Amino acid sequence: MRRWIVPVALLLSAGACAVPVHRAQTRAPAPTPSAAPSRRPVDPAELALKLAGIQPGWPRRGYPLPPPRQKIDCGKAKCVALTYDDGPGHDTARLLDILARHHARATFFLVGGMVLANADGALRRMVRDGHELGNHTWSHPQLTALSESAVRAELARTQNVIERRTGVRATLMRPPYGATDGRVAAVARRMGLAQILWNVDTLDWRDRVTPVVARRATAIKPGSIVLMHDIHRTTVDAAPRILKELTRRGFVFVTVSELYGKPLRPGVGYSERERDQ
Ligand code: NI
């Protein structure tokens, strides 16, 4: 799937800066009436948006455009996916500033109710800065205790609010408390959502001590998925230390999708990437 990623990156950057080229393409002679429909030229801008996860035909005026994916083979390079759950919250904007200063990308598993309670700004900026948005349900219930239709409703409502606010359709979900089973997996599969767990738990919700969070978040190996929560001030306070220390050790900060470098399979659970996987 690497072959997909490079053209998408090129197309996205072309869309941002190469307007004359695009105009030249739109002025190409119209196909003759006898031309087969399958030979209709593909609109590069439309294709790029589609591959970036933005719904075709979605009204994109005013929606933020994500930058190209990072081109990196995390089967070989030292990658880490930092993930932040339960937001957006009061400290999320500050976290986005810190991540931007370190040119670091992360993945945010958003709670729909929190999205509704907070201004549009954070989500739109996440998209613009290259972070990935994931679904963390509407009200953070234990999904294994709910009926199948309730699980679907929890996920669908959050899918919709993310899409309405950003134009992006999430392809990842994280079950609250990591509680999942065959039923939850089946709903996730039908909704096109991979289940993202973790292999490094900072327990930052329990131990609100910045150095402790930083120490746990840096006790990682390449391919790790680190669980944190951007609703805790102490966790956001730990971000500069985490980014500095892991940068010093040669880690690259990637989104979950970049970590795997291929579309993840809906319904399947992922908790880390093994080397050369
Ligand atoms: Ni959570």
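Residues numbered from 1 in each chain as written. Predicted model: local features only at pLDDT ≥ 70, side-chain atom pairs only at ≥ 80, totals over all residues. Heavy atoms only, no water.

Naming follows an unreviewed UniProt entry, where the chain appears as Peptidoglycan/xylan/chitin deacetylase (PgdA/CDA1 family) of Streptosporangium sandarakinum.

Colleague: Quick question: what am I supposed to make of the pairing of strand β2 (residues 107-110) here?
Modeller: The side chains of a regular strand alternate between the sheet's two faces. Both faces of β2 are covered, namely the face carrying T107 and F109 and the face carrying F108 and L110. Relative to β2, strand β1 (residues 79-85) runs parallel, the two sharing 3 bridges. Counted as the bridge partner of Y84 is F108 from β2. Read from β1 through helix α4 (residues 92-101) to β2, the crossover connection turns out right-handed. Bridge analysis of β2 against strand β3 (residues 132-135) gives 4 bridges, and the strand direction is parallel. Of the residues in β3, the one forming a bridge with F108 is L133. (Buried < 20%, exposed > 50% of the residue type's maximum accessible area, 1.4 Å probe, protein only. Helix = DSSP H or I, 4+ residues; strand = E, 2+ residues; numbered from the N terminus. Pairing = 2+ DSSP bridges. Right-handed = clockwise from strand over helix to strand, strands pointing away.)

Colleague: Can you help me understand the state of the cysteines in this one?
Modeller: A disulfide bridge is the covalent bond that connects two cysteines by way of their sulfur atoms. All told, the structure shown has 1 disulfide when counted by the stated rule. The disulfide partner of C74 is C79, and the gap between their sulfur atoms is 2.1 Å. One quick way to see it: the torsion about the S-S bond of C74 and C79 is about -80°, and its sign makes the bridge left-handed. Look at C79 and you get buried, because its relative accessible area is 0%. (Disulfide = S-S within 2.5 Å.)

Colleague: It is not clear to me how the coordination of the nickel ion should be interpreted in this structure. Could you clarify?
Modeller: Octahedral six-donor coordination of a metal ideally yields angles of 90 or 180 degrees, compared with 109.5 degrees for tetrahedral four-donor coordination. For the nickel ion, every protein donor is listed as D86 (OD), H136 (NE2) and H140 (NE2), and the spread of their distances is 2.0 to 2.1 Å. Along the chain, the residues donating to the nickel ion are arranged with the sequence spacing D-x49-H-x3-H. Placement of D86 in the loop between β1 and α4 and of H140 in the loop between β3 and α7 (148-166) is noted, with a sequence separation of 54 residues between them. With respect to burial, D86 and H140 carry one shared label: buried. (Donors = N, O, S within 2.8 Å, 3.2 Å for Na, K, Ca; no water.)

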